[in-house]
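Geometric and topological summary
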Amino acid sequence: MWALVKAVAGPGLELREVPLPEIGINDVLVRVRKTGICGTDLHIEAWDPWAARTIKPPLVVGHEFVGEIVEVGSNVADFHPADLVSGEGHVVCGRCRHCLAGRRHLCANTIGLGVGRDGAFAEYVAIPMTNVWHHWPGIDEEVAAIFDPFGNAVHTALAFPVLGEDVLVSGAGPIGLMATAVARHAAARYVVVSEPNAFRRELASKMGATKVVDPRSRDLGDVQRELGMVEGFDVALEMSGSQAALRSAIANMAHGGGVAILGIPTEQISLDMNEIVFKMLTLRGIYGREMYETWYKMTVMLQSGLDIRAVITHRFPFREHEAAFAAARSGESGKVIMDWTT
Ligand code: NAD
Ligand code: ZN
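This one's a predicted model, so the numbers in the text were calculated from it and none came from an experiment.

We now examine the overall build of the protein. Scanning the protein from terminus to terminus reveals twelve helices and 18 strands. Rg of the C-alpha trace for the protein: 20 Å, near the compact-globule value of 20 Å for 342 residues, within the 12% margin. A principal-axis box enclosing the C-alpha atoms of the protein has dimensions of 60 × 40 × 35 Å. Residues counted as buried form 54% of the 342 residues belonging to the protein. The long-range share in the protein, meaning contacts at least 24 apart out of those at least 6 apart in sequence, stands at 69%. Surface exposure of the protein reaches about 14900 Å², of which carbon and sulfur atoms provide 52%. For the protein, the distance from the average site of its 31 positive side-chain charges to the average site of its 40 negative ones is 3 Å.

Given below as structure tokens:
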């Protein structure tokens, strides 16, 4: 099969023919139809310090996908060939305290698909049956391909109650964009999106932002006054990984507010703890998605009118992977999809 492989330690990815993945008795084999490019894939392609520390080549990369089951292991009874599925990208141990208690998203021994084991940028991918999400009828196939990052957006956006609340989204990358639409769907009053990139600010407006702001030229205090807000944001979704963004969010929070932090900073961040203490803020780190409560919520929100399709801006056949990665890296993009069937 064709697969996009990190063949050796160093920058780049190689499209090469590799053997079909073998499945164990608890696994399913999926014929991949469409995949989404994640920031993680860009880090692995570029071979930054995180990738150099983490990735052991050769490795098939990628973890956002939709496909059709073609084979199931002998222990697998709940899934069948022809089922349209996506994979939860975190393979958990099943044995630690949290896994045993059903809190699998808190597993301390998580292995990432396309990071710690062969991934989905390939014609076929093998995953454990416990990582399969069987799509409900009527889910758009391109949206199904990005359920993994959509799940990051939903998990973060719903980390604190947003009904009737004023929400700040810092960073309108693909995940911030989807979180914007989710917060609106979940009936937030105002959703203010702060993002320096003009292309992405425009996308944020399309996704339902009440107001989009360039943090380099607008102060969030001004924006609050313009909207008639008096006490600050009730909920902030940190989706940029930027120190400046997190500080500005904290400075603009209402007392008792919640800051859900998904963005992964590349350096240590120092914060004014006085502000956190005296405003009585809750800061909560978010990693991955809840298995499978987030997946359930994603599905029912799509069924009840949430539309995130505008986040998908580029589509490429897998052989044009270099152009696809360039589009994802450019910043002039939302989500970039690669098709593995053409
Ligand atoms: P992305 O890099 O495409 O988007 C980040 C956005 O933040 C960019 O558009 C950038 O212009 C913007 N930004 C930079 N500085 C800013 C500032 N000062 N204020 C406001 N915005 C600013 O990333 P993405 O794919 O949308 O993911 C969002 C973040 O979440 C990234 O940091 C990513 O690494 C992280 N992530 C975390 C998890 C998790 O499980 N915790 C999973 C996936 C991604
Ligand atoms: Zn575990």
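Now that the structure has been shown, we can carry on.
Moving on, we get to helix H1 (residues 39-46). Owing to its 3.6 residues per turn, the α-helix aligns residues three or four sequence positions apart on the same side. Among the residues of H1, those classed as buried are Asp-41, Leu-42, Ile-44 and Glu-45. Burial along H1 is one-sided: seen end-on, the buried residues are contained in an arc of 165°. On its buried face, H1 sits against strand E1 (2-6), strand E3 (27-36), helix H2 (49-54) and helix H12 (321-330). Two residues or fewer past H1, Trp-47 is found with a positive phi of approximately 60°.

Looking now at the environment of Asp-214. By the secondary structure assignment, Asp-214 is in the loop between strand E13 (211-213) and helix H8 (220-227). Once you skip the residues sitting within four places of it in the chain, Asp-214 turns out to touch Glu-195, Pro-196 and Arg-201. Within the local environment of Asp-214, its side chain forms a polar contact with the side chain of Arg-216, the two groups lying 2.9 Å apart.

For the rest of this paragraph, the subject is the side chain of His-63. Take His-63: it is sitting in the loop between strand E4 (59-60) and strand E5 (64-72). Non-local contacts of His-63, meaning those with residues more than four positions away in its chain, are made with Cys-38, Thr-40, Asp-41, Gly-87, Leu-113, Ala-120 and Asp-148.

Quick look at the site of ligand 1 now. Ligand 1 sits among 20 residues. The nearest are Glu-195, Arg-200, Ile-264, Ile-286 and Gly-288. A distance of 3.4 Å separates a nitrogen atom of ligand 1 from a polar backbone atom of Gly-171. The contact in question runs from an oxygen atom of ligand 1 to an N or O atom on the backbone of Gly-288, over 2.8 Å. A total of 850 Å² of accessible area belongs to ligand 1 in isolation, and the protein chains cover 77% of it. Here the shell around ligand 1 is composed, by residue class, of ten nonpolar, eight polar and two charged.

Attention shifts here to the coordination of the zinc ion (ligand 2). The zinc ion (ligand 2) binds to the protein through Cys-93 (SG), Cys-96 (SG), Cys-99 (SG) and Cys-107 (SG); the donor distances cover 2.3 to 2.4 Å. When the donors of the zinc ion (ligand 2) are listed by position in the chain, the intervening gaps give C-x2-C-x2-C-x7-C. Residue classification places Cys-93 among the partly exposed positions, given a relative accessible area of 22%. By relative accessible area, which is 16% here, Cys-96 ends up buried.

Bringing the packing of aromatic side chains into the picture now. Aromatic rings in a pair are described by how distant their centres are and how their planes are angled relative to each other. Within the structure shown, the criterion is met by nine aromatic pairs. Between the aromatic rings of Phe-147 and Phe-150, the centroid separation amounts to 5.7 Å while the plane-to-plane angle is 75°, which identifies the pairing as edge-to-face. Here the residue Phe-147 and the residue Phe-150 both occupy positions in helix H5 (residues 147-157), the gap between them amounting to three residues, near one helical turn. On the accessibility criterion, Phe-150 (0% relative accessible area) is buried.

Within the open sheet, the six strands sit side by side as E13-E12-E11-E14-E15-E16. Their pairing is parallel. Either end of the sheet is taken by a strand with one partner, and the two such strands are E13 and strand E16 (282-285). Ignoring strand direction, the axes of neighbouring strands in this sheet form an average angle of 15°. Of the strands in this sheet, strand E11 (167-170), strand E12 (191-194) and strand E14 (233-238) are in contact with helix H6 (residues 174-185), which crosses E12 at around 170°.

Moving on to the environment of Val-72. You can see Val-72 is positioned in strand E5. Overall, Val-72 belongs to the partly exposed group, its relative accessible area being 24%. C-alpha separation for the pair Val-72 and Leu-168, spaced 96 residues apart in sequence, amounts to 44 Å.

Reading guide: rules and limits
Residues numbered from 1 in each chain as written. Chains lettered and ligands numbered in written order. Predicted model: local features only at pLDDT ≥ 70, side-chain atom pairs only at ≥ 80, totals over all residues. Heavy atoms only, no water. Helix = DSSP H or I, 4+ residues; strand = E, 2+ residues; numbered from the N terminus. Rg over C-alpha atoms; globule rule 2.2 N^0.38 Å. Buried < 20%, exposed > 50% of the residue type's maximum accessible area, 1.4 Å probe, protein only. Contact = heavy atoms within 4.5 Å. Areas by Shrake-Rupley, 256 points an atom, 1.4 Å probe, with all protein chains shown as cover. Lys, Arg positive; Asp, Glu negative; His and termini not counted. Charge placed at Lys NZ, Arg CZ, Asp CG, Glu CD. Arc of directions from axis to C-beta. Polar contact = N/O pair within 3.5 Å; in protein donor to acceptor, adjacent residues only side chain to side chain. Near = heavy atom within 4 Å. Nonpolar A, V, L, I, M, F, W, Y, C, P; charged D, E, K, R; others polar. Donors = N, O, S within 2.8 Å, 3.2 Å for Na, K, Ca; no water. Phe/Tyr/Trp six-rings, centres within 6.5 Å; stacked < 30°, edge-to-face > 60°. Pairing = 2+ DSSP bridges. Axes fitted to C-alpha atoms, helices over the stretch in contact; angles between N-to-C directions.

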